[in-house]
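# Observations on chain architecture
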Amino acid sequence: MRAVDEPIPTDEQLYRSIAEQDVDGEALDPTALDVPGTSVARSKYQPVPTQAIHPGDGGIAVIVPRDLPSPMVSSGGARYEFVASDDPLEDNDSHAEIRMNRPGKPYKSNHKVASKEFELQLRAALALRFRILIDPRNPKPAA
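Residues numbered from 1 in each chain as written. Predicted model: local features only at pLDDT ≥ 70, side-chain atom pairs only at ≥ 80, totals over all residues. Heavy atoms only, no water.

Before going further, it helps to spend a moment on the overall build of the chain. Regarding its fold elements, the chain presents one helix and ten strands. For the chain, the α and β elements follow one another from N to C terminus as β-β-β-β-β-β-β-β-α-β-β. Whereas a compact globule of 143 residues would reach a radius of gyration of roughly 15 Å, the chain reaches 15 Å, a difference of no more than 12%. Projected onto its principal axes, the C-alpha coordinates of the chain cover approximately 45 × 40 × 25 Å. Looking at the 143 residues of the chain, the share that counts as buried comes to 46%. Considering only residue pairs separated by 6 or more positions, the chain has 73% of its internal contacts joining residues 24 or more positions apart. Counting 17 positive and 22 negative side-chain charges, the chain places the averaged centre of each group 5 Å from the other. (Helix = DSSP H or I, 4+ residues; strand = E, 2+ residues; numbered from the N terminus. Rg over C-alpha atoms; globule rule 2.2 N^0.38 Å. Buried < 20%, exposed > 50% of the residue type's maximum accessible area, 1.4 Å probe, protein only. Contact = heavy atoms within 4.5 Å. Lys, Arg positive; Asp, Glu negative; His and termini not counted. Charge placed at Lys NZ, Arg CZ, Asp CG, Glu CD.)

What follows covers the packing of aromatic side chains. Applying the stated criterion to the full structure yields one aromatic pair. Here Arg2 stacks its cationic end above the ring of Tyr45, 3.7 Å away from the centre of that ring. It is Arg99 that lies over the ring of Tyr107; its NZ or CZ is 4.2 Å from the centre. (Phe/Tyr/Trp six-rings, centres within 6.5 Å; stacked < 30°, edge-to-face > 60°. Lys NZ or Arg CZ within 6 Å of the ring centre and 35° of its normal.)

With that settled, consider the confidence of the model for the chain. The predicted model of the chain averages 93 in pLDDT, with 97% of residues at 70 or higher. Mean pLDDT across the elements of the chain ranges from a minimum in strand E10 (residues 138–141), with 68, to a maximum in strand E1 (residues 14–18), with 98. (pLDDT = per-residue confidence, 0-100.)

Here it is, written out as structure tokens:
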């Protein structure tokens with residue numbers, strides 16, 4: 001496993017493997033994303049997008065860190081920011097996560113957002129920033 005390589009450049013492509021049910025019209029369905037961390041593959045370590053497609057999926061959504069949503073605040077005043085974090089795994093050097101962090105607090109993979117409604121808002125804000133690169137309904141790379 002390689003060492004952590006941060007910060008992730010703001011223009012580095014991050015690939016999310018997606019299946020047909022993860023696409024809603026021309027956009028990524030918010031339910032395709034995980035809270036508090038969504039797994040992605042760094043293009044620096046996985047330069048061929050099709051190699052980031054997981055078995056059973058058929059497509060790729062892409063985002064760059066500079067396009068992550070602005071911080072969001074829940075109705076209870078909890079502030080969350082979106083951060084691209086390098087997270088290499090033993091069997092996947094390209095692994096990273098887009099994390100919804102509470103500023104000034106350590107990231108916890110088991111963190112629960114205070115309300116389901118706000119969790120959906122976080123997912124929706126992030127989903128809108130992804131672009132479908134390879135549509136799993138028609139798996140030819142988009143221009």
